[in-house]
Amino acid sequence: MKQIIYSAVFISLIFISCNKNSNETIQEFSFPGNDFIIGLASPVQLEPDTTIIFLKDFVPQDVKIIDIRTHEAVKHELSDDSLKIKLIVISDDLPKLSFLKLNLAGIEHSILLKKSEKISQKFTYNPIGKTCHKVQIKGEMNAWNPNNTNLKLNNGIWEASIEIEPGTYQYLYVIDGIEMLDPSNPEKISNGMGGFNSILKAGQIEEDKIPEIFTENYTENSVIISFKNQISEIKVLYNNFEIDKEHITINENTFQIPIIKIENQTKRSHFRIWAYNQYGISNDLLIPVENGQILTNPKDLTRADFHSATIYNTFIDRFYDGKPENNRPTKDPAIHPKANYHGGDIIGITKKINAGYFDDLGINTIWISPIVKNPNDAWGMYPNPRTKFSAYHGYWPVSFTLIDERFGTENEFKELVETAHKHNLNVLLDFVANHVHQEHPVYKSHKNWATNLYLPDGTLNTERWDDYRLTTWFDVFLPTLDLSKPEVYNMLSDSAVYWIEKYNLDGFRHDATKHIPEIFWQTLTQKIKNKIIIPQNRTIFQIGETYGSPQLISSYVNTGQLDAQFDFNTYDAVVAAVTGNSSFENLTRVIRTAQKYYGYNHLMGNITGNQDRARFISYASGSLRFDEDAKLAGWTREVGVLDSSAYDKCAVLNAIISTIPGIPVIFYGDEIGIPGGNDPDNRKMMRFENLIQKEQELKEITKTLLKFRKQSLPLMYGKLDFIKSNNDEFIFSRTYFDKTVYVIINNSDSIKTFNFNAENKSFKSLFTKGFSYGAKQIGITLKPRSFEILFN
């Protein structure tokens, strides 16, 4: 391994007066020029009593920790092996925000700590004369795992108390294995699948009194931040270094932060800003810095700035057949054609890159489904119609490093990545770590490296997604690897790094993230940092796949593990709102919850759909019902587009995922509205020609949205504000300094006029050319199922 050498250098800085009309030097200040923490250290959410921090998540392996400091209300203990810090809250005097200070090789780094606000929430169930043997709760507060919350019988009432953060949670009771709404709680909400969940509102949150902070203005020498509501304290980080409050000027409703002047300034740095008062913690602000100046030109962003990413998911076998001579469908008459290879390959993607398809669509990152070698024969069985399956999807690995010859060769994949980079495109590869196919040589040689197929009670441990999520098998021929074993997680993490080193990849999409122990993700990320990011000065992006509560999803998103995951909860809320099965008010709640758990400037993936969901357009057109088996529908009837207005609803969905915080992710074909039930019906061959008018219009709208996002700093770094949300109307804004974007959606079946207060600026319309607005009060009329975007 290449030796990593650091030089600890202190640069003498000049802090300039925050007075906008003065260039007076107020203080000389020593500031470190070397940041040993790779990337921006994610804030740590403290537990009420004890929190364990794994130092390797933050600190490279060869950097010495000289000293550790915390707030006096937190006691810290370093483990004997110096690998962990135990933080113990010893006083309620701990402020809502504080710092963990790590002196690394003589340079003090700061990691934000958030005080726990957990409260005790009691659940009760009265059987009213019925006999129950087991009563449980499953919901957003316990990762939807009923085994996490078992109620106990006490004087005829089942009860349990758990500690949760104040907020709104969806949940269900599970009575002797049967799910049901809480009979004592009338509040419920659609689950987006034809059913309902009960709604719990825990604690009291006075949102109108919590501080809000805004990017107000900037000069050559300072950043001006405005705020609403009283603030108790401000916390500011420049990369991973605190700017002390004595260097910040606070006025009546603004505070000014000096812009740091550093010799040999790195190209990309960031300010991160928080505030709090007794009622709660504000939104956070992320401000990119370009060569020592506030970044104001989106052209200065590169594909390494993943806040500017637009991702396209190429499902390789179904995307484009660029080399017919490597077509080799599995020869088994028991396989339905839908479940066999269709011929898409590596060269097909390369040809579409060269043809400018992704450039024209506004994409700068391609996610490619797995290309690793899979079995040649048929496996599994679906009952109606009876069919086996080929491994066309790539998720049944029989090798960790070999490319499946049906997709291409090593040289062809190298050419794909090189071609993508010439087109300024990132390449993410789908990596399967959770399981292997039973024909995999590693499993054949080390069957003890897999989890048990049978549970202690003798039942099959298959598809137990929540209660046995770390051991369950996806099918009886797909052994789940026991990635808690060092010999297994070290071997597999080495294989992942191999792909980056050999093919110069820009990152991974990780399959089945929640089914894999955190030690694997920590080990992999540490190796990527030490072997790739530090010595090569590169950015590697990792995004995971987890279905579950925001608490569970966010537990994998941090400095030591993944950069992001797909936000399926937000996707479900968008789908429900746009199809009329829920409201935009609920979508607003879900987005706010996402920001609470992932940060206000997160990199979560906002999908248009994926390979495990029926196509949105078929739900929107009424060709599919939410309460039916979409997989069965895809097998037993033609699932298409019954109502052409569904294309308009697709455009609305694409508009939302392109403008809310996070990264838009286009599932191949959603830019034209390909229909289908669940897999494999949602994996039809991509079409590039002979599009009908509605498909071409949807593609043009999607292209306009994605290209606009890449040019809009408010959509990448701007503060989100909700202006109006109900069943049919949705208005929100994104603001970055003096630039604002308004998104206005009419989801009704009638023409609507929207009037709302806006800044006294001139706004242009993205889709109505030549039209502009220039008043404090904006009035705009939208046709049914449409939207508009205004910007200045």
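Here the structure is shown first, and the text comes after it.
Residues numbered from 1 in each chain as written. Predicted model: local features only at pLDDT ≥ 70, side-chain atom pairs only at ≥ 80, totals over all residues. Heavy atoms only, no water.

Enquirer: Describe the pattern of salt bridges, and please don't skip the residues or the numbers.
Expert: Counted under the stated rule, the structure contains 50 salt bridges. With a closest N to O distance of 3.0 Å, R625 and D627 form a salt bridge. Judged by its relative accessible area of 49%, R625 is partly exposed. A salt bridge links D681 to K684, with the nearest nitrogen and oxygen atoms 3.2 Å apart. The class of K684 is partly exposed, set by a relative accessible area of 25%. Several salt bridges converge on common partners, so that one network encompasses R69, K101, E108 and E242. (Salt bridge = Lys/Arg side-chain N within 4 Å of Asp/Glu carboxyl O. Buried < 20%, exposed > 50% of the residue type's maximum accessible area, 1.4 Å probe, protein only.)

Enquirer: Can you tell me about empty space enclosed by the protein, naming the residues and giving the values?
Expert: Taking a probe equal in size to a water molecule and rolling it over the atoms shows the remaining empty space. Across all of its chains, the model carries six cavities of 30 Å³ or more by this definition. Approximately 100 Å³ is the volume found for the largest cavity. If you trace the largest cavity, you find it lined by P370, I371, V372, P397, S399, F400, L429, D430, F431, V432 and W499. Ranked by residues supplied to the lining of the largest cavity, first place goes to strand β32 (residues 426-431) with three residues. Across the lining of the largest cavity, the residue classes break down as nine nonpolar, one polar and one charged. (1 Å grid on protein atoms, 1.4 Å probe; cavity = no way out; pocket = protein on both sides within 12 Å on 5 of 7 lines; lining within 4 Å. Points joined across faces, edges and corners; volume = space filled by probe spheres on them. Helix = DSSP H or I, 4+ residues; strand = E, 2+ residues; numbered from the N terminus. Nonpolar A, V, L, I, M, F, W, Y, C, P; charged D, E, K, R; others polar.)

Enquirer: Let's hear about the sheet that holds strand β42 (residues 763-765): which residues, and what values?
Expert: What the six strands build is an open sheet, ordered β38-β39-β40-β45-β42-β43; its pairing is antiparallel. In the strand order of this sheet, the two ends are held by β38 (719-725) and β43 (772-773), each with one partner. Bridging between β38 and strand β39 (residues 729-736) involves six bridges; their strand directions are antiparallel. If you follow K724 over to β39, its bridge partner there is I731. This element, helix α9 (residues 584-598), spans β38, β39 and β40 (739-746) of the sheet and lies at about 160 degrees to β38. Across the sheet, helix α12 (residues 646-659) lies against β39, β40 and β45 (786-791), angled at about 30 degrees from β45, the strand it touches most. (Pairing = 2+ DSSP bridges. Contact = heavy atoms within 4.5 Å. Axes fitted to C-alpha atoms, helices over the stretch in contact; angles between N-to-C directions.)

Enquirer: Describe the packing of aromatic side chains, with residues and values.
Expert: For the structure on display, the rule yields 44 aromatic pairs. Residues W396 and F477 carry aromatic rings whose centres are separated by 5.0 Å and whose planes lie at 85 degrees to one another, so their mutual orientation is edge-to-face. With a gap of 81 residues between them, W396 in the loop between β31 (386-389) and α3 (410-422) and F477 in the loop between α4 (441-445) and α5 (486-503) connect regions that are remote in the sequence. For the pair Y742 and F763, a centre-to-centre distance of 5.2 Å together with 70 degrees between the ring planes defines the contact as edge-to-face. With Y742 in strand β40 and F763 in strand β42, this pair connects stretches of sequence that are 21 residues apart. In terms of burial, Y742 and F763 fall into one category: buried. Each residue in the set Y312, F319, Y320, Y357, F358 and F688 is aromatic and connected to the rest through ring pairs, giving one cluster. Against the face of F688 rests K352, its NZ or CZ located 3.9 Å from the ring centre. (Phe/Tyr/Trp six-rings, centres within 6.5 Å; stacked < 30°, edge-to-face > 60°. Lys NZ or Arg CZ within 6 Å of the ring centre and 35° of its normal.)

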